[in-house]
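Each chain is listed here by its residues.
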Amino acid sequence: MLYQAKQYLKFLKKSTNQHGVHSPFVYNLVTQCFYNKTKYKDYTTLKQYRESLYKNNTTISVTDFGAGSRIFKTNQRQVSKIAKTAGITKKRAQLLYRITNYLQAKNTLELGTSLGLATVALSLANKNGNVTSIEGCPETAQIAKQQLEAFHCKNTTLKTSNFNTELHQLNTSVFDLIYIDGNHQKEATLHYFESLLHNIHNDSLIIFDDIHWSASMTEAWQEIMKHPKVTVTIDTFFWGFAFFRKEQEKEHFTIRV
Ligand SMILES: C[S@@+](CC[C@H](N)C(=O)[O-])C[C@H]1O[C@@H](n2cnc3c(N)ncnc32)[C@H](O)[C@@H]1O
C-alpha cells in the first residue's frame, strides 16, 4: 500500500492531460476517447450488471490462481464482496468500453474474467465481434457465465482454465485488444506479454492492469516499455497501454484519466 502511495505521488508530478502531447495518435486517443464524456446507453447495462452482482449474496469457494488477495483471508467468498473488491471499477469499465469502441476492436481477449464486469464492457462495445475471456477459478467462472448469459452477451466465449494453458492454445488467433487483469506478478506478466506477441498485429493494443501494484509489477512494466516491438506506451497509473504501431516513434506518455 505504501509502495502504491509513493508511486501515485510520482505519477501526479509527472502526468499530464492532452496539453503537451505532440503525437496526433495519442492526442486523439486522449481527447476523443479517454476524456469523452458521452453517456452511452450501454453504460446503463454495465450498471445493471454490476448492481445484480452487488445484490448476490451467494458464497462460493474461490481457487486462487494469481498473486493472491490482499483483502480476503479465506477462500469462501460472497459474490457481492468479490464484485466490490476484485472487479473493475465503474469508471474503468466505462473507459474500457470507450477504448474498445474507439479502436473498433473486433477480437478482444481478457485474462482474468472474475465475475465478468470488464467482459460485459468488451462485449457491449463490440457487438459484431468476439470476446474471449479466461478465468481459472471454476466457481467464479460459473457465476460469470450465468451473468453474461442473463445479459445476453452472446459474443463472449468464457474459458475456464489457467492462463498459461489457454495461451498455448491460441495458435494463430489475432486480437485487436487484449486486457491483462490477473496474476499481477512480474515473471508471469512478462511471460503472458511475450507469449501474446504472437497474437497481435500492428494496430493491436495490450492493456496491463495494476502496473504499480508492487515494485515488481512496475519492473515488469518498465521491461515492456523497453521491448523493441513496443512503440507508444501510456501510463495512466492503474493501466499501462502498449501499442505496436511501426509508424510511431518510440515514445512514453504519462496521462491522467
Ligand atoms: C482482478 S480479477 C479480474 C477482474 C476482472 N477482469 C474485472 O474486470 O472485473 C483477476 C482474476 O484472474 C484470475 N486469475 C489469476 N491468475 C490466473 C491464472 N494464472 N489463470 C487463470 N486465472 C487467473 C483470478 O482467479 C481472478 O478471478
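Residues numbered from 1 in each chain as written. Predicted model: local features only at pLDDT ≥ 70, side-chain atom pairs only at ≥ 80, totals over all residues. Heavy atoms only, no water.

A separate point is the side chain of glutamine 7. With respect to the secondary-structure elements, glutamine 7 resides in helix H1 (residues 2-14). When neighbours within four sequence positions are excluded, glutamine 7 is seen to be in contact with His212, Thr218 and Phe237. (Helix = DSSP H or I, 4+ residues; strand = E, 2+ residues; numbered from the N terminus. Contact = heavy atoms within 4.5 Å.)

Ranked by internal contacts, the top residues of the largest apolar core, which has 49 residues, are Phe34, Ile99, Ile207, Ile234, Trp239 and Phe241. No other element matches the 6 residues that helix H2 (residues 24-34) contributes to this core. Filtering out sequence-adjacent residues up to four positions away, phenylalanine 34 remains in contact with Leu29, Leu95, Arg98, Ile99, Ile234, Thr236, Phe241, Ile255 and Val257. One finds Leu109, Leu111, Ala188 and Trp221 within the second-largest nonpolar core, a separate group that totals 26 residues. (Core = buried A, V, L, I, M, F, W, Y, C linked by side-chain atoms within 4.5 Å. Buried < 20%, exposed > 50% of the residue type's maximum accessible area, 1.4 Å probe, protein only.)

Moving on, we get to unusual backbone geometry. Apart from glycine, the bulk of residues carry a negative phi angle, and the bulk of peptide bonds sit in the trans form. Non-glycine residue asparagine 183 carries a positive phi angle of around 55 degrees. Relative to the elements of secondary structure, asparagine 183 occurs in the loop between strand E6 (177-180) and helix H9 (186-196). The phi torsion at phenylalanine 237 lies on the positive side, around 75 degrees, for a residue other than glycine. One can find phenylalanine 237 in the loop between strand E8 (232-235) and strand E9 (239-243).

Close to the ligand lie 20 residues; Glu110, Gly112, Glu135, Gly136 and Asp181 are nearest. The separation between an oxygen atom of the ligand and a polar main-chain atom of isoleucine 88 is 3.0 Å. Contacts to the ligand include aspartate 181, whose side-chain N or O atom sits 2.8 Å from a nitrogen atom. Calculation on the ligand without its partners gives an accessible area of 600 Å², and the protein chains cover 89% of this total. (Near = heavy atom within 4 Å. Polar contact = N/O pair within 3.5 Å; in protein donor to acceptor, adjacent residues only side chain to side chain. Areas by Shrake-Rupley, 256 points an atom, 1.4 Å probe, with all protein chains shown as cover.)

A separate point is the pattern of salt bridges. Summed over all chains, the structure comprises 7 salt bridges. Between glutamate 149 and lysine 145 there is a salt bridge, and its shortest N-O distance comes to 3.6 Å. On the criterion of helical spacing, the pair formed by glutamate 149 and lysine 145 is a turn pair, its members being 4 residues apart in helix H7 (residues 138-150). Ionic pairing is found between glutamate 219 and lysine 186, a salt bridge with its closest N-O pair at 3.0 Å. Residue glutamate 219 is found in helix H10 (residues 215-226), and its partner lysine 186 is found in helix H9; the two are separated by 33 residues along the sequence. Residue glutamate 219 is classed as partly exposed on the basis of its relative accessible area, which comes to 36%. Through salt bridges with shared partners, a single ionic network connects Lys186, Glu219 and Glu223. (Salt bridge = Lys/Arg side-chain N within 4 Å of Asp/Glu carboxyl O.)

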